[in-house]
Amino acid sequence: MKKQKSLIRHKKYDNGSTVVKYDRKVFYDNLWHTDPELLESRGKVTLNDQIVALPFKKIFNYKENDTVCDFDKVIVAVEKVNGFMFHLSKSPNDEIEESLGSPYIKGTTGSLDSDFVKLAWENILKHGVNVPQLFLYQYKFNKEKYSRYTFIFEIKDNEKDPHIINAETEPDGVYLLGCRDIATGELLSQEELDVI
């Protein structure tokens, strides 16, 4: 019997880090149900088996894969911006910072060094995101312990990355979509994101 090819890709870097991403077949053939780890394989970064960046878990559109809204809970709807996802985490210690060559772990859903990562960082600088200040929030929202977060953005750059839908009117920018606790996977609330 032929062994099935893995649906999870591991892009390894010389510094020891690995980006974990689902195979495109998962998306096109809707194979999300075949392995729960696929839902977490959207740019997660590990280094020496330690998770150092944890972007969004896979989410689905309403009614896609039986996704429904629980109307007994508060639902917050925010405007959708179409660009590309970029995540940013602080290196957890000096050793990892040295191996990465940066105090920050910067990535997209599949890379730490692609042209999209470079374009995202250009936009972070161009639009004046105060990255050191951003990471002070790691102390703000959890008083009992220091939490490490992955900040997740949508990067909109109409000149260098035009979107396929021409009618969109959002200006170029860096839009904070979410912030995820690396240890627990929990997301900050919309109210906390608004503070940031």
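As shown above, the structure is provided for reference.
Residues numbered from 1 in each chain as written. Predicted model: local features only at pLDDT ≥ 70, side-chain atom pairs only at ≥ 80, totals over all residues. Heavy atoms only, no water.

**Q** Just give me the short version of the overall build of the protein chain, but keep the residues and values in it.
**A** In terms of regular secondary structure, the protein chain is built from six helices and eight strands. Of the regular secondary structure in the protein chain, the N- to C-terminal order runs β-β-α-β-β-β-α-β-α-α-α-β-β-α. Relative to the 2.2 N^0.38 estimate, which gives 16 Å for 196 residues, the radius of gyration of the protein chain is 17 Å and therefore close to what a compact globule would have. Seen along its three principal axes, the alpha-carbon backbone of the protein chain occupies a region of about 50 × 40 × 40 Å. Residue burial in the protein chain is summarised as follows: out of 196 residues, 42% are buried. Summarising the internal contacts of the protein chain: among those between residues at least 6 apart in sequence, 58% fall at separations of at least 24. (Helix = DSSP H or I, 4+ residues; strand = E, 2+ residues; numbered from the N terminus. Rg over C-alpha atoms; globule rule 2.2 N^0.38 Å. Buried < 20%, exposed > 50% of the residue type's maximum accessible area, 1.4 Å probe, protein only. Contact = heavy atoms within 4.5 Å.)

**Q** Kindly report on the packing of aromatic side chains, identifying the contributing residues and their values.
**A** Going through the model one piece at a time under the given rule, you end up with nine aromatic pairs. On the numbers, 5.3 Å between centres and 85° between planes, the contact of Phe27 with Tyr28 is edge-to-face. Classification of Phe27 as partly exposed rests on a relative accessible area of 45%. The exposed category is assigned to Tyr28, whose relative accessible area is 61%. Here the aromatic cluster, defined as three or more aromatic residues joined through ring pairs, consists of Tyr104, Trp121, Phe135, Tyr149 and Phe151. The cationic tip of Lys106 hangs over the ring face of Trp121; the distance from NZ or CZ to the ring centre is 4.4 Å. (Phe/Tyr/Trp six-rings, centres within 6.5 Å; stacked < 30°, edge-to-face > 60°. Lys NZ or Arg CZ within 6 Å of the ring centre and 35° of its normal.)

**Q** Can you break down the side chain of Ser91 residue by residue, with the values?
**A** Within the element layout of this structure, Ser91 appears in the loop between strand E5 (84-90) and helix H2 (94-100). With relative accessibility at 7%, the residue Ser91 sits in the buried group. At a separation of 3.2 Å, a polar atom in the side chain of Ser91 contacts the main-chain carbonyl oxygen of Ser102. (Polar contact = N/O pair within 3.5 Å; in protein donor to acceptor, adjacent residues only side chain to side chain.)

**Q** Give a description of the nonpolar core that names residues and reports values.
**A** With 20 residues, the main nonpolar core has Phe86, Leu88, Trp121, Val131, Phe151 and Phe153 as its most contacted residues. Within the residue set of this core, elements represented by two or more residues are E5, helix H3 (115-126), helix H4 (131-135) and strand E7 (149-156). Among the elements that take part in this core, H3 stands out by supplying five residues, more than any other. (Core = buried A, V, L, I, M, F, W, Y, C linked by side-chain atoms within 4.5 Å.)

**Q** Quick rundown of the sheet that holds strand E6 (residues 104-107)? Include the residues and the values.
**A** Judged by pairing direction, the sheet is antiparallel, and its four strands sit side by side in the order E6-E5-E7-E8 without closing on themselves. Of all strands in the sheet, those bounded by a partner on one side alone are E6 and strand E8 (173-181). Put simply, the sheet's adjacent strands are angled 20° from each other on average, direction ignored. Across eight bridges, E7 lies against E8 in antiparallel orientation. Residue pairing for E8: Thr150 is matched across the bridge by Arg180. Most of the contacts of H3 go to E5, to which it runs at about 75°, and overall it touches E5, E6, E7 and E8. (Pairing = 2+ DSSP bridges. Axes fitted to C-alpha atoms, helices over the stretch in contact; angles between N-to-C directions.)

**Q** Please set out the sheet that holds strand E4 (residues 50-53) residue by residue, giving values where relevant.
**A** Taking strand neighbours across the sheet as the criterion, the four strands line up as E1-E2-E3-E4 in an open arrangement whose pairing is antiparallel. The open sheet has two free edges, formed respectively by strand E1 (8-12) and E4, since each of these has just one partner strand. Mean inter-strand twist for the sheet, computed between neighbouring axes without regard to direction, equals 35°. Pairing analysis gives five bridges linking E1 to strand E2 (residues 17-22), with the strands arranged antiparallel. In the strand pairing of E2, His10 is matched with Val20.

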